[in-house]
Amino acid sequence: MSGIDECLLEVMRLPGARGGAVVDWTSGLALGTIGDSPNGDHEATAAETAEVARMAAEQPAFALSDPEPSTGPAGTAVTGTGAAPPVEDVIITTRAGYHILRFVETAFDSSVFLHLWLDRSDGNLALARIRLGEMAKRLVLA
(Lines give C-alpha, C1' and ligand atoms only; values in the text may rest on other atoms or scores of the structure.)
Protein backbone atom coordinates (compact mmCIF):
# COMPACT_ATOMS: atom_id res chain seq x y z
CA MET A 1 0.00 0.00 0.00
CA SER A 2 1.29 3.44 -0.86
CA GLY A 3 0.20 7.03 -0.50
CA ILE A 4 -0.12 9.65 -3.21
CA ASP A 5 3.49 10.88 -3.02
CA GLU A 6 4.96 7.37 -3.18
CA CYS A 7 2.64 6.47 -6.05
CA LEU A 8 3.65 9.54 -8.05
CA LEU A 9 7.35 8.83 -7.49
CA GLU A 10 6.77 5.31 -8.81
CA VAL A 11 4.91 6.71 -11.83
CA MET A 12 7.94 8.81 -12.75
CA ARG A 13 10.15 5.70 -12.78
CA LEU A 14 8.23 4.37 -15.80
CA PRO A 15 10.18 4.63 -19.07
CA GLY A 16 9.22 7.83 -20.90
CA ALA A 17 7.21 9.34 -18.03
CA ARG A 18 6.95 13.11 -18.43
CA GLY A 19 4.47 13.87 -15.66
CA GLY A 20 1.72 12.49 -13.52
CA ALA A 21 -1.10 13.37 -11.20
CA VAL A 22 -3.71 11.94 -8.90
CA VAL A 23 -6.96 13.73 -9.71
CA ASP A 24 -10.49 13.79 -8.28
CA TRP A 25 -12.68 13.60 -11.38
CA THR A 26 -15.79 15.03 -9.75
CA SER A 27 -14.11 18.28 -8.70
CA GLY A 28 -11.23 18.41 -11.19
CA LEU A 29 -8.73 19.03 -8.40
CA ALA A 30 -5.23 17.57 -8.42
CA LEU A 31 -4.59 15.70 -5.17
CA GLY A 32 -0.92 15.41 -6.09
CA THR A 33 1.30 16.12 -9.10
CA ILE A 34 4.82 15.35 -10.28
CA GLY A 35 7.01 16.14 -13.27
CA ASP A 36 5.88 18.26 -16.20
CA SER A 37 2.38 19.17 -17.32
CA PRO A 38 1.42 19.15 -21.03
CA ASN A 39 0.24 22.77 -20.87
CA GLY A 40 2.62 23.94 -18.13
CA ASP A 41 -0.11 24.15 -15.46
CA HIS A 42 -0.87 21.07 -13.35
CA GLU A 43 -4.15 22.47 -12.01
CA ALA A 44 -5.48 23.28 -15.48
CA THR A 45 -4.39 19.86 -16.74
CA ALA A 46 -6.17 18.20 -13.80
CA ALA A 47 -9.39 20.04 -14.61
CA GLU A 48 -9.14 19.19 -18.31
CA THR A 49 -8.38 15.50 -17.78
CA ALA A 50 -11.16 15.31 -15.18
CA GLU A 51 -13.62 16.34 -17.90
CA VAL A 52 -12.44 13.47 -20.11
CA ALA A 53 -12.58 11.00 -17.19
CA ARG A 54 -16.06 12.15 -16.20
CA MET A 55 -17.36 11.81 -19.77
CA ALA A 56 -16.00 8.26 -20.04
CA ALA A 57 -17.10 7.16 -16.56
CA GLU A 58 -20.65 8.44 -16.82
CA GLN A 59 -21.56 7.18 -20.28
CA PRO A 60 -24.10 4.34 -20.36
CA ALA A 61 -22.42 2.97 -23.51
CA PHE A 62 -19.45 1.88 -21.38
CA ALA A 63 -21.49 0.39 -18.53
CA LEU A 64 -21.23 -3.30 -17.89
CA SER A 65 -24.33 -5.14 -18.95
CA ASP A 66 -25.81 -7.08 -16.05
CA PRO A 67 -28.66 -9.34 -17.16
CA GLU A 68 -30.03 -9.54 -13.62
CA PRO A 69 -29.22 -6.36 -11.66
CA SER A 70 -29.70 -6.37 -7.91
CA THR A 71 -32.69 -4.42 -6.69
CA GLY A 72 -33.29 -2.54 -3.52
CA PRO A 73 -36.42 -1.09 -1.93
CA ALA A 74 -39.23 -0.30 -4.38
CA GLY A 75 -37.37 -2.13 -7.16
CA THR A 76 -34.61 0.47 -7.55
CA ALA A 77 -31.32 -0.75 -8.96
CA VAL A 78 -28.48 -1.20 -6.52
CA THR A 79 -24.99 -0.38 -7.76
CA GLY A 80 -23.25 -0.76 -4.41
CA THR A 81 -21.50 1.78 -2.25
CA GLY A 82 -18.22 3.03 -3.54
CA ALA A 83 -18.90 1.37 -6.88
CA ALA A 84 -16.14 2.00 -9.37
CA PRO A 85 -16.95 3.43 -12.78
CA PRO A 86 -17.39 0.79 -15.47
CA VAL A 87 -14.26 2.09 -17.23
CA GLU A 88 -10.80 0.87 -16.12
CA ASP A 89 -8.76 3.39 -18.02
CA VAL A 90 -8.79 5.88 -20.87
CA ILE A 91 -5.88 6.12 -23.31
CA ILE A 92 -5.38 9.17 -25.49
CA THR A 93 -2.64 9.20 -28.09
CA THR A 94 -1.14 12.36 -29.53
CA ARG A 95 1.65 12.83 -32.03
CA ALA A 96 4.14 13.42 -29.22
CA GLY A 97 2.85 11.22 -26.42
CA TYR A 98 0.30 9.15 -24.59
CA HIS A 99 -2.05 10.07 -21.78
CA ILE A 100 -3.36 7.27 -19.59
CA LEU A 101 -6.16 7.95 -17.11
CA ARG A 102 -6.44 4.98 -14.73
CA PHE A 103 -9.45 4.91 -12.41
CA VAL A 104 -8.75 4.04 -8.76
CA GLU A 105 -11.26 2.00 -6.79
CA THR A 106 -11.73 3.39 -3.29
CA ALA A 107 -13.83 2.47 -0.29
CA PHE A 108 -15.67 5.77 -0.36
CA ASP A 109 -16.75 7.15 -3.76
CA SER A 110 -14.23 5.99 -6.40
CA SER A 111 -13.89 9.40 -8.01
CA VAL A 112 -10.11 9.39 -8.30
CA PHE A 113 -7.84 8.56 -11.22
CA LEU A 114 -4.14 8.46 -11.99
CA HIS A 115 -3.01 10.52 -14.97
CA LEU A 116 0.26 9.58 -16.64
CA TRP A 117 1.78 11.57 -19.49
CA LEU A 118 4.27 9.49 -21.49
CA ASP A 119 6.68 10.56 -24.19
CA ARG A 120 5.77 8.67 -27.35
CA SER A 121 9.36 7.93 -28.44
CA ASP A 122 10.58 6.68 -25.03
CA GLY A 123 7.41 5.35 -23.41
CA ASN A 124 6.03 1.83 -23.44
CA LEU A 125 2.24 2.12 -23.48
CA ALA A 126 1.55 -1.53 -22.62
CA LEU A 127 3.99 -1.58 -19.71
CA ALA A 128 2.70 1.76 -18.40
CA ARG A 129 -0.91 0.55 -18.50
CA ILE A 130 -0.05 -2.61 -16.57
CA ARG A 131 2.03 -0.76 -13.97
CA LEU A 132 -0.62 1.94 -13.49
CA GLY A 133 -3.15 -0.78 -12.78
CA GLU A 134 -0.86 -2.25 -10.13
CA MET A 135 -0.25 1.19 -8.61
CA ALA A 136 -3.97 1.97 -8.54
CA LYS A 137 -4.62 -1.19 -6.51
CA ARG A 138 -1.96 -0.24 -3.96
CA LEU A 139 -2.87 3.43 -3.67
CA VAL A 140 -4.27 4.36 -0.28
CA LEU A 141 -6.21 7.60 0.00
CA ALA A 142 -6.77 8.96 3.49
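Above this note sits the structure.
Residues numbered from 1 in each chain as written. Predicted model: local features only at pLDDT ≥ 70, side-chain atom pairs only at ≥ 80, totals over all residues. Heavy atoms only, no water.

## Examining the sheet that holds strand E5 (residues 112-119)
A sheet is described by the order of its strands in space; here five strands give the open sequence E2-E1-E5-E4-E3, paired in antiparallel fashion. Unpaired on one side and paired on the other, strand E2 (29-35) and strand E3 (89-93) mark the two borders of the sheet. Sheet twist, expressed as the mean angle between neighbouring strand axes with direction ignored, is 15 degrees. Pairing between E3 and strand E4 (residues 97-104): five bridges, direction antiparallel. Looking at the pairing, Val90 lines up with Leu101 of E4. On the sheet, helix H1 (residues 4-12) packs against strand E1 (17-24), E2 and E5 and is oriented at approximately 150 degrees with respect to E1. Sitting on the sheet, helix H3 (residues 125-138) is in contact with E3, E4 and E5, with an inclination near 25 degrees to E4. (Pairing = 2+ DSSP bridges. Helix = DSSP H or I, 4+ residues; strand = E, 2+ residues; numbered from the N terminus. Axes fitted to C-alpha atoms, helices over the stretch in contact; angles between N-to-C directions. Contact = heavy atoms within 4.5 Å.)

## Digging into the pattern of salt bridges
Taken as a whole, this structure holds five salt bridges when the rule is applied. Where Arg54 meets Glu51, a salt bridge forms, and the shortest distance between an N and an O atom there is 2.4 Å. Taken as a pair, Arg54 and Glu51 lie in helix H2 (residues 42-57) at a separation of three residues, close to a single helical turn. Judged by relative accessible area, which is 19%, Arg54 ranks as buried. You can call Glu51 partly exposed: its relative accessible area is 40%. (Salt bridge = Lys/Arg side-chain N within 4 Å of Asp/Glu carboxyl O. Buried < 20%, exposed > 50% of the residue type's maximum accessible area, 1.4 Å probe, protein only.)

## Overview of empty space enclosed by the protein
Counting across every chain of the model gives one cavity of 30 Å³ or more. Approximately 70 Å³ is the volume found for the largest cavity. Going through the elements one at a time, E1, H2 and E5 are the ones with two or more residues in the lining of the largest cavity. Across the lining of the largest cavity, the residue classes break down as four nonpolar, six polar and one charged. (1 Å grid on protein atoms, 1.4 Å probe; cavity = no way out; pocket = protein on both sides within 12 Å on 5 of 7 lines; lining within 4 Å. Points joined across faces, edges and corners; volume = space filled by probe spheres on them. Nonpolar A, V, L, I, M, F, W, Y, C, P; charged D, E, K, R; others polar.)

## Description of H2
An α-helical turn contains 3.6 residues, so a residue and the one three or four places further along point in the same direction. Across its 16 residues, H2 extends 22 Å between first and last C-alpha, which sits within 8% of the 22 Å expected from 1.5 Å per residue. Among the residues making up H2, those that are buried are Thr45, Ala46, Thr49, Ala50, Ala53, Arg54, Ala56 and Ala57. When H2 is viewed along its axis, its buried side chains cluster within an angular range of 165 degrees and face the same direction. Considering only its buried residues, H2 is in contact with E1, E2, E3, E4 and E5. Two or three places before Glu43, at the opening of H2, Asp41 has a side-chain oxygen 3.1 Å from that residue's backbone nitrogen. (Expected span 1.5 Å × (residues − 1). Arc of directions from axis to C-beta. Polar contact = N/O pair within 3.5 Å; in protein donor to acceptor, adjacent residues only side chain to side chain.)

## Overview of the side chain of Thr49
Along the chain, the position of Thr49 falls in helix H2. For Thr49, a relative accessible area of 11% gives the class buried. Those residues in contact with Thr49, other than ones at most four positions away along the chain, are Val23, Leu101, Phe113 and His115.

## Details of the packing of aromatic side chains
Within this structure, the stated rule accounts for two aromatic pairs. Summarising the aromatic geometry, the rings of Trp25 and Phe103 are spaced 6.2 Å apart at their centres and angled 90 degrees between planes, so their arrangement reads as edge-to-face. Of the two residues, Trp25 sits in the loop between E1 and E2 while Phe103 sits in strand E4, which places them 78 residues apart along the sequence. Residues Trp25 and Phe103 agree in their burial class; the two are buried. On the basis of an interplanar angle of 55 degrees and a centroid distance of 6.3 Å, the ring pair of Phe103 and Phe113 is categorised as tilted. Remark: Phe113 occurs in strand E5 and Phe103 occurs in strand E4; sequence separation between them is ten residues. Note on Phe103: relative accessible area 7%, which makes it buried. (Phe/Tyr/Trp six-rings, centres within 6.5 Å; stacked < 30°, edge-to-face > 60°.)

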